[in-house]
Amino acid sequence: MSDLIGSVANLTGYRDRDLIDSTFVSVLGDWLDPFRLSLYRCVGDVADLRLLLQARMRKGVGMESGDPSWTALDALPALSGLPHFEQAFASEEPLLDLPFENQDGPWLNLFAVWAGARRFGIIELVSEQPLLPVQLRLVEGLLKIYRNQISLLDYSERDSLTGLLNRKTFDEQFLKCLDTMNAASGSDTPPPRWWLGVVDVDHFKRVNDSYGHLIGDEVLLLVARILRTAFRHSEHLYRFGGEEFIVLLRADDDDEAHLAFDFFRTQLAGFAFPQVGSITASVGFTRLRPMDNASGAVDRADRAVYHAKRNGRNQVHSYESLLLAGVLSEVNNSGEIELF
C-alpha cells in the first residue's frame with residue numbers, strides 16, 4: 001500500500017501532461033498487470049473525433065510510447081468507427097467486461113476521461129479475467145485523481161476567457177519544441193521544423209470603444225474558436241494578452257507555414273461577427289532556431305506583424321522572407337528594427 005501511495009504522490013507532483021499520462025498508465029498497469037492498458041485523447045473536430053494514443057502498457061513488453069502529437073488526423077482511428085469506444089465516451093458509467101477476442105476473454109473495459117465539463121479521452125483496459133470489485137475501485141480511485149490533476153492543470157494553464165493556453169505555459173512548450181529539433185540533429189532523420197506566429201487583431205481598440213468590453217470579449221472568444229478550427233490539433237495556441245495570440249506549429253518550410261497562417265487569416269476575415277461585422281488580423285511568423293530563446297523568437301515575429309500593420313493590415317508576413325527581401329535587417333541583438 002505504501003508503494004501505491006508513493007506512486008500517487010509522484011503523479012500529483014507533476015505539471016507536464018505527457019508525464020502525467022505516462023505515469024498514470026504505469027501506476028495503474030503495475031497494480032493491475034493487465035493484458036493491455038491504453039490512454040487515448042480524442043482530438044479533431046467534434047463531428048469527427050479521432051483517437052490519439054498518449055501512452056500504453058502491454059504485458060511482457062512494458063511501457064510503449066504514444067502517437068506523435070503531430071500525427072495527421074486521417075491517420076488516426078475514428079471514434080465513430082469503434083462503437084464501444086463511442087458509447088463509453090458518451091456515457092457516465094464505464095463499459096465493463098466486454099469480450100475482447102472471444103467469450104472466454106480477454107475482457108475489454110472502457111472508461112471515459114473528463115476534466116470539469118470537458119470530455120477529452122478514453123482508457124482502454126484489457127484484462128485477462130473480468131475485473132474484481134477491488135480492482136474496479138482501484139481504477140476508479142486513480143482515475144478520479146488523474147481527472148482532478150488534469151482539471152487543476154487546465155485551471156492554471158488556460159486563459160479564463162478564451163480557454164486557450166495562457167502566457168505562462170508558453171516558455172515550457174517553446175523549450176519542448178527546441179528539444180525535438182536538437183534531439184534529431186545528430187541522427188539520420190531530419191530535425192522537425194517549428195514556426196512561431198504572432199496574431200494581432202486589427203483595430204481591436206475601436207471595437208472596445210465603439211461597442212464596449214463585453215462585445216470585445218465576445219470577439220476574442222470567437223477569434224479563439226476560429227483559431228482552433230483553422231489549425232491542426234497538434235498546434236499550440238496561446239492567448240498572449242489583450243488581442244494578441246501566439247501559435248506554435250510544425251511545417252516543412254516557409255511556404256507551408258505561410259499557407260497555414262494565411263488560411264486562418266482568410267477564415268477570420270470571412271467571418272461575420274455579431275454586431276461588429278468584419279474583423280481582421282495581422283500575422284507575423286518566424287522559424288525557430290536551434291539555439292533560440294522565447295523572447296527572441298517572439299520579437300522576430302512581432303517585427304513581421306509590425307510590417308503588416310504599417311502596410312495595410314490583414315496580411316501574413318514571414319520574418320525570414322522580409323530579411324531576404326531587404327525589408328528588415330538583422331544587424332544586432334538589441335531588439336531594434338530597420339525599415340527601408
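Up top you'll find the structure we're talking about.
It should be emphasised that the depicted structure is a prediction, and the values quoted were computed from it without experimental measurement. (Residues numbered from 1 in each chain as written. Predicted model: local features only at pLDDT ≥ 70, side-chain atom pairs only at ≥ 80, totals over all residues. Heavy atoms only, no water.)

Peer 1: Requested: an account of the pattern of salt bridges, with residues and values cited.
Peer 2: For the structure on display, the rule yields 22 salt bridges. One salt bridge connects Arg50 with Asp48, and the closest N-O pair in it is separated by 3.3 Å. Residue Arg50 is classed as buried on the basis of its relative accessible area, which comes to 16%. With a shortest N-O distance of 2.6 Å, Asp292 and Arg300 are connected by a salt bridge. By the burial criterion, Asp292 is buried, and Arg300 matches it. Overlapping salt bridges bring together Arg17, Arg118, Asp154, Glu157 and Arg158 as one network. (Salt bridge = Lys/Arg side-chain N within 4 Å of Asp/Glu carboxyl O. Buried < 20%, exposed > 50% of the residue type's maximum accessible area, 1.4 Å probe, protein only.)

Peer 1: Could you give an account of the environment of Ser65, with specific residues and numbers?
Peer 2: When you line up the elements, Ser65 lands in strand S3 (residues 62-65). Overall, the relative accessible area of 67% leaves Ser65 in the exposed class. Put simply, Ser65 and Glu124 are 59 residues apart on the chain and 15 Å apart in space, counted from C-alpha to C-alpha. (Helix = DSSP H or I, 4+ residues; strand = E, 2+ residues; numbered from the N terminus.)

Peer 1: Describe the nonpolar core, and please don't skip the residues or the numbers.
Peer 2: Counting 32 residues, the largest nonpolar core has Val223, Leu227, Phe231, Phe264 and Phe273 as the members making the most contacts within it. Put simply, the parts of the chain that give this core at least two residues each are strand S7 (194-201), helix H6 (204-211), helix H7 (213-230), strand S9 (244-250), helix H8 (254-269) and strand S10 (281-287). Broken down by element, the residue count for this core peaks at 9 residues, all from H7. Apart from residues no more than four positions distant in its own chain, Phe231 is found in contact with Leu237, Val247, Leu249, Ala260, Phe261 and Phe264. (Core = buried A, V, L, I, M, F, W, Y, C linked by side-chain atoms within 4.5 Å. Contact = heavy atoms within 4.5 Å.)

Peer 1: Let's hear about the sheet that holds S10: which residues, and what values?
Peer 2: Pairing is mixed in the open sheet, where 5 strands are placed in the order S8-S9-S7-S10-S11. Among the strands making up the open sheet, the edge pair consists of strand S8 (236-241) and strand S11 (316-318). Strand-to-strand twist of the sheet, defined as the mean angle between neighbouring strand axes without regard to direction, takes the value 20°. With 5 bridges joining them, S8 and S9 adopt antiparallel strand pairing. Bridging from a neighbouring strand, Leu237 pairs with Val247 of S9. Docked against the sheet, H8 engages S7, S9, S10 and S11, running at close to 165° with respect to S10. Contacts between helix H9 (residues 294-310) and the sheet are confined to S7, S8, S9, S10 and S11, with S10 contributing the most and set at about 140° to the helix. (Pairing = 2+ DSSP bridges. Axes fitted to C-alpha atoms, helices over the stretch in contact; angles between N-to-C directions.)

Peer 1: For the environment of Tyr146, give the residues involved together with the corresponding values.
Peer 2: Within the secondary structure layout, Tyr146 lies in helix H4 (residues 133-157). According to the relative accessible area criterion, Tyr146 is buried, its value standing at 0%. When the C-alpha positions of Tyr146 and Thr23 are compared, they lie 9.9 Å apart, and in sequence the two are 123 residues distant. Look past the residues within four positions of Tyr146 in its chain and what remains in contact with it is Ile20, Asp21, Phe24, Leu39, Arg41, Val113 and Phe120. Only 2.5 Å separates the side chain of Tyr146 from the side chain of Asp21, close enough to count as a polar contact. (Polar contact = N/O pair within 3.5 Å; in protein donor to acceptor, adjacent residues only side chain to side chain.)

Peer 1: Tell me what's going on with the packing of H7 against H8, and back it up with residues and numbers.
Peer 2: One can describe the packing of H7 onto H8 by two numbers: an axis separation of 10 Å at closest approach and a directional angle of 135°. Between H7 and H8, the angle is such that the two are oblique. Here H7 runs over H8; the crossing is right-handed. Only Phe263, Phe264, Gln267 and Leu268 of H8 make contact with H7, whose side of the interface consists of Val223, Ile226, Leu227 and Ala230. Of the residues belonging to the contact of H7 with H8, the class tally is 7 nonpolar, 1 polar and no charged. (Parallel < 35°, antiparallel > 145°, perpendicular 65-115°, else oblique. Left-handed = near helix turned anticlockwise from the far one by under 90°. Nonpolar A, V, L, I, M, F, W, Y, C, P; charged D, E, K, R; others polar.)

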